[in-house]
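Topology and contacts: notes
Here is what each chain is made of, one letter per residue.
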Amino acid sequence: MTSHPPIWTLSAAEVYDTLGTSAGGLSDTEATQRLQHHGYNELPEPPRRPLWLRFTDQLTHFMALLLWAAGTLAFISHTPELGWAIWTVILINAVFSFWQEFQAEKALAALKNVLPAQVRAYREGTLKMIPARELVPGDVVQLEEGDRISADARLLEVQSLYLDVSVLTGESLPVARHANPVTIERVRPAEVRNLIFAGSSVASGRGQAVVYATGTQTEFGHVAHLTTMVKREPSTLEVQIARIVRLITFIALSVGALVFALTSLLVGMDVKESFVFAIGIIVALVPEGLLPTVTLALAIGVRRMARRNALVRRLSSVETLSATTVICTDKTGTLTKNEMTVKSLWIPSRDRQTREIAVTGVGYDPAGEVQIPPETEASWQVHLLLAGAALCSNAKLIHLTDPSRWQEIGDPTEAALLVAAIKGGLNPEELQGRSPRRREVPFDSRRRMMTVVLDWHLSEIWPNEYPYLSFTKGAPLEVLRHCRSILREGRIEELTEDDRAEITAANDRLSGQGFRVLGVAARKGGDELLEGRSPQLEENLTFVGLTGMLDPPRPEVAGAIALCHRAGIAVTMVTGDYGLTAEAIARSIGLVEGKARVVTGEEMGQLSDAQLRQILHRRNSGLVFARMMPEQKLRLVETYKSLGHIVAVTGDGVNDAPALRAANIGIAMGISGTDVAREAADIVLIDDNFATIVGAIEQGRSIYQNIRKFMTYILASNVPEVVPFLSMVAFKIPPALTIMQILAIDLGTDMIPALALGAERPEAGSMQQPPRSPTQPLLDFWLLARSYLFLGAIEGAIGMLAFMAVWWSHGYSLAELQAITPAILAHRADRATTGLYYQAMTVTLASIVACQVGNVFACRSERVSIFSLGFFSNRLIWPGIVAEWLLILSIIFIPALQKVFATAPLTLTQWAGLLLCPPLLLVAEECRKQWMRRRKKV
């Protein structure tokens, strides 16, 4: 088969000859051979890393490598229990992270529904139902109203065929198709009107076509391939965690090296002992629990998102929403219902009150009315306008019972006209039965009109002395151009220039309000209406009136966009639809305030990168991009990113997929979205609800703050873990903690309370604040200062005070403790001294855990008092506290654990002293918050 000349330039016979087929289709044998040659008619799965490599990614990122090194050092220092514990944490975290993402991808697999399962095709001269995936070039397929198209094909026969191509181009209105050869060779296939494309659907009419491209060779497949060429960038969380790991690694290694030098030079330890204590410092400063806590906190956020109908494909993408500054959203099927609704009628009248008539109701539900002013003679002309528009239509309405709703089949615009007729008290089916159609001239983009000729038997609507009546509907100014008379108050009058100006003004007024306006005209006649050529049929028309309709926005979208604006997030509409329609929808949902800036795809193609950046930089809101191609959407997203924005892109069609993948976070629709869009996205909205994005952003901001909260909590305990080793160097006393005790805090007692902080609900007013700066580090100076220099310092002082209090209570002075330190370090101290040392370390360990009880409440907010938040508003904290004390009690009292962790039972006095630790730290933090609030007011 050859691709030259282009398939659209050939006659029907040449198409059959070129593709080696006939009107009766392929034989089963030939179809099988072609299937083996071309492969199945489906898009291949995007290239993925093997599962085992994706799992190893969880074991080899920088934090994991740091923990591997810490575990290795533990083995070198002859503490295998510590080494195995650290390595176990790495494996558990890797399994958990991998499983979360794997489960999300499995859930996505159930959403694949773009291509139909069965198609009607001729095989062996007989029309058969065959699997869509088995279509091959040369198959002759039959198309009916409502069918989804499975492959690219050349039309050979059509009867008023209109396609919904919104999934491919973003254009919401159906487009006409014909079967005639197109002589222009240099044209984009998507613009050729005798071709149909995979992923689109038949809005109305019938047709027959020959398949010429399947699978990846289709236009659908080409856009899908474009998507795979875009490299996905790491999320902001991944970047931030990488920075934190590098910073903490630098701190840990630097302090560890310093301790090694000091212990070997000043304390007089041998190199091996100094190395062991250096490992202790490194282990103390490395927050081993950070990564699993981040993963678990993200998983909690993911589950919350799932309950709100959002499926998260990448855990880290949830947090990225917290920094989102721009949302580029599609219009069709995302902001709107894709349900045209007639909202206004206009008829010629000398009485201004009866010219424009409102129509109530939304969508395809006929509940509503045409509000004709009482005591007027406009009623019959309104009925004529509605009847003519409904009869000049090929759409159908179906009432579904489960659940009860109305569904259109065919052109949404024509379906809207049927609904308007019903609201006006007419029955479209009865009208069609009483006045059967004798002739149709389909709509085309050149004429921009459609005409039907009817046997007119509806004299109660409009008496007709002729046997036939034609109705023409279309672009108002085109219809008006073909009119010579006007119907006004029951009389046909000559159409004057003043009348034309009045009708044009009415059209401009409705169009300016964002209505899609159609004009309706009529013509009485005899056999000449059946026999005349189309141009003559549509001349000498009588103008009847105008209909104005809108594609209604989703009811929840306006509130969602208002909340985005309050949160400092700019929303930009990016659509393949008409600019006027897009601007109207943008205004109706509050996306545009004041003067709108509408940039068409053609205009954007003429803009340089610098000019586009200038437009985006100057206009933070009120931007509408219309008639956009996939490459232009991709360029728009990349330009926004070049200006430093964090960009979220929403969409449902294959035309959205490249931009979805290039964005910092892509959000696809789960019901109406295509496979390509869902695969390209980070988050899939199961309910196709734009408002769900607002909840996702709020959850993202909450997760970002929660990560800061539990980072503060975890890092604060690192200071009292380091202080014992610094005190050992400074005061030549034994260390107040062992490495295993440090690990018990980091991987044991701290974990569940930290997770409870990760599950905090969003703070009040979180969506009233602007997005955080993309360059703002997750671990900034103030967090480190609060963790290390304030909370950590308090815990370190309390821990060392508790350690020394045990020695003082037994009569040891600092000098006496220094004297027995070499024996303790060399494990040569007597049994009583060793027992006392174990008890002192146990008190230190318990005091740190007790301080962390106060710290978990202190870390629930950086500025808000715990007394405002309430001690019981986060109920997960209390089970966390119980769990950490059960663990510490087990370490203290279970003999086997006593041996591993070097602990000893405490006295009642020591237990009583521990009760003072939580309130001491919490009171200190409340004083700091009060000072911060007063400083902010000043």
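Residues numbered from 1 in each chain as written. Predicted model: local features only at pLDDT ≥ 70, side-chain atom pairs only at ≥ 80, totals over all residues. Heavy atoms only, no water.

Considerations on the side chain of S393
Operational definition: Runs of E in the DSSP output that reach at least two residues are strands. Runs of H or I that reach at least four are helices, and both are numbered from the N terminus. Definition of a polar contact: a pair of N or O atoms within 3.5 Å, with one able to donate and the other able to accept a hydrogen when the atoms are protein atoms, and with sequence-neighbouring residues admitted only if both atoms are side-chain atoms. What makes two residues a contact is simply this: any of their non-hydrogen atoms within 4.5 Å.
For S393, the position within the fold is in the loop between α12 (379-391) and β12 (396-401). A polar contact of 3.3 Å, which involves the side chain of S393, links it to the backbone nitrogen of A395. Each residue touching S393, except ones within four places of it in the same chain, is listed here: E414, L418, R437 and M450.

Thoughts on the environment of D139
The condition that has to hold: Throughout this description, buried means an accessible area under 20% of the type-specific maximum (1.4 Å probe, protein chains only), exposed means over 50%, and partly exposed covers the range between.
For D139, the location among the structural elements is in the loop between β2 (126-131) and β3 (140-143). For D139, a relative accessible area of 0% gives the class buried. Discounting residues that sit within four places of it in the chain, D139 has contacts with L26, Y122, R123, I130, E134, A209, V210 and V211. Only 3.0 Å separates the side chain of D139 from the backbone nitrogen of V136, close enough to count as a polar contact.

Description of the confidence of the model for the protein
As a reminder, the rule being used: For every residue, the predictor assigns a confidence score, pLDDT, that lies between 0 and 100.
Across the protein, pLDDT averages 82, with 87% of residues at or above 70. Averaged pLDDT values for the elements of the protein fall to 64 in helix α7 (residues 219-228) and rise to 95 in helix α31 (residues 831-858). Throughout residues 107-116 the model reports pLDDT below 50, and contacts reaching past four residues in sequence, or to other chains, amount to 31 contacts.

Observations regarding the pattern of salt bridges
Rules: One speaks of a salt bridge when a side-chain nitrogen belonging to Lys or Arg is within 4 Å of a carboxyl oxygen belonging to Asp or Glu.
This structure, assessed with the given rule, holds 26 salt bridges. With a closest N to O distance of 2.8 Å, R488 and E493 form a salt bridge. The class for R488 is buried, based on a relative accessible area of 8%. Because the salt bridges share partners, they merge into one network encompassing R350, R488, E489, R491, E493 and D499.

Brief notes about the sheet that holds strand β22 (residues 597-600)
Cut-off, in case you're wondering: A pair of strands is treated as paired once DSSP finds two or more bridges between them. Orientation is described by lines fitted to C-alpha atoms, with helices fitted over the stretch in contact, and by angles between N-to-C directions that extend from 0 to 180 degrees.
The strand order across the open sheet built from eight strands is β8-β26-β25-β24-β9-β21-β23-β22, with neighbouring strands paired in mixed fashion. Each edge of the open sheet carries a strand with a single partner, namely β8 (310-312) and β22. Sheet twist, expressed as the average angle between the axes of neighbouring strands with direction ignored, equals 20°. Sheet analysis places β22 next to strand β23 (residues 623-626), joined by four bridges and oriented parallel. From the neighbouring strand, V598 faces β23, where its bridge partner is V624.

A few points about the nonpolar core
Basically, it comes down to this: We call a set of buried residues a nonpolar core when its members are Ala, Val, Leu, Ile, Met, Phe, Trp, Tyr or Cys and they connect through side-chain atoms within 4.5 Å of each other.
In terms of nonpolar packing, the biggest core is built from 130 residues, with F690, F710 and F803 touching the most fellow members. Sort the elements by how many residues they give to this core and helix α26 (residues 691-731) lands first, with 18 residues. Membership of the second largest hydrophobic core comes to 44 residues, among which are V382, V452, W456 and A522.

Overview of α26
Let me state the cut-off plainly: Take the number of residues in a helix, subtract one, and multiply by 1.5 Å to get its expected span. Bend is the name given here to the angle between axes fitted to two runs of seven residues, the run ending at a residue and the run starting at it.
Under the 1.5 Å per step criterion, the end-to-end length of α26 is 61 Å for 41 residues, consistent within 8% with the ideal 60 Å. The sharpest bend along α26 reaches about 25° and sits at V723, with the proline P724 one to four residues further on. The element α26 is largely enclosed, with a buried count of 35 among its 41 residues. One or two residues past the end of α26 sits K732, with phi positive at roughly 55°.

Examining the packing of aromatic side chains
Selection rule: Each Phe, Tyr or Trp ring (for Trp, its six-membered ring) is paired with any other whose centre lies within 6.5 Å, and the angle between the two planes then decides the class: stacked below 30 degrees, edge-to-face above 60, tilted in between. Look at NZ for Lys and CZ for Arg. If either is within 6 Å of the ring centre and within 35 degrees of the ring normal, a charge sits over the ring.
Scanning all chains against the criterion turns up 16 aromatic pairs. For the ring pair F75 and W87, a centre distance of 4.8 Å and an interplane angle of 45° mean the geometry is tilted. Here F75, found in helix α4 (residues 62-76), pairs with W87, found in helix α5 (residues 80-109); they are 12 residues apart in sequence, far enough to count as distant. In this structure F75 comes out as partly exposed when scored by relative accessible area, which is 26%. Pairing F872 with W878 gives two aromatic rings, centres 5.2 Å apart and planes at 15°, and the pair type is stacked. Classification of W878 by relative accessible area gives partly exposed; the value is 33%. These aromatic residues form a ring-pair network of at least three members: F803, W807, Y812, Y837 and Y838. One cation-aromatic arrangement involves R133 over Y40; the distance from NZ or CZ to the ring centre is 3.8 Å.

A few points about empty space enclosed by the protein
We count it as follows: Lining residues are those with an atom within 4 Å of a point, where the points come from a 1 Å grid over the protein atoms alone and group into cavities, where a 1.4 Å probe fits but cannot get out, or pockets, open sets with protein on both sides within 12 Å along at least five of seven lines. Grid points are joined across faces, edges and corners, and a volume is the space filled by probe spheres set on the points. Note that Gly is not counted as nonpolar here; it falls among the polar residues with everything else outside the nonpolar set of Ala, Val, Leu, Ile, Met, Phe, Trp, Tyr, Cys and Pro and the charged set of Asp, Glu, Lys and Arg.
A full pass over the atoms with the stated rule returns five cavities of 30 Å³ or more. Estimated volume of the largest cavity: approximately 70 Å³. Forming the boundary of the largest cavity are C328, T329, D330, V574, K633, L636, V637, V649, T650, D656 and A659. At the level of secondary structure, the elements contributing two or more residues to the lining of the largest cavity comprise β9 (326-329), α23 (630-642) and β24 (647-651). Considering each element in turn, the lining of the largest cavity owes the most residues, three residues, to α23. Split into classes, the residues belonging to the lining of the largest cavity amount to six nonpolar, two polar and three charged.

A word on unusual backbone geometry
Glycine aside, a negative phi is what most residues show, and trans is what most peptide bonds show. Phi is positive for E124, which is not a glycine, with a value near 55°. Counting through the fold element by element, E124 comes out in the loop between β1 (118-123) and β2. Even without being glycine, K732 reaches a positive phi, approximately 55°. Checked against the element boundaries, K732 lands in the loop between α26 and α27 (739-749). Classification of K732 as partly exposed rests on a relative accessible area of 41%.

Description of helix α3 (residues 51-60)
Which entries qualify depends on this criterion: The directions considered for the arc are those from the helix axis to the C-beta atoms.
For α3, the set of buried residues is R54, Q58 and L59. Along the axis of α3, the buried positions cluster into a sector of 155°, meaning they face one direction only.

Some words on the environment of P442
Tracing the sequence through the fold places P442 in the loop between β14 (437-441) and β15 (449-455). Assessed through its relative accessible area of 30%, P442 is described here as partly exposed. Residues P442 and Y162, 280 residues apart in the sequence, show an inter-C-alpha distance of 9.5 Å. Those residues in contact with P442, other than ones at most four positions away along the chain, are S160, Y162, R447, M449 and M450.

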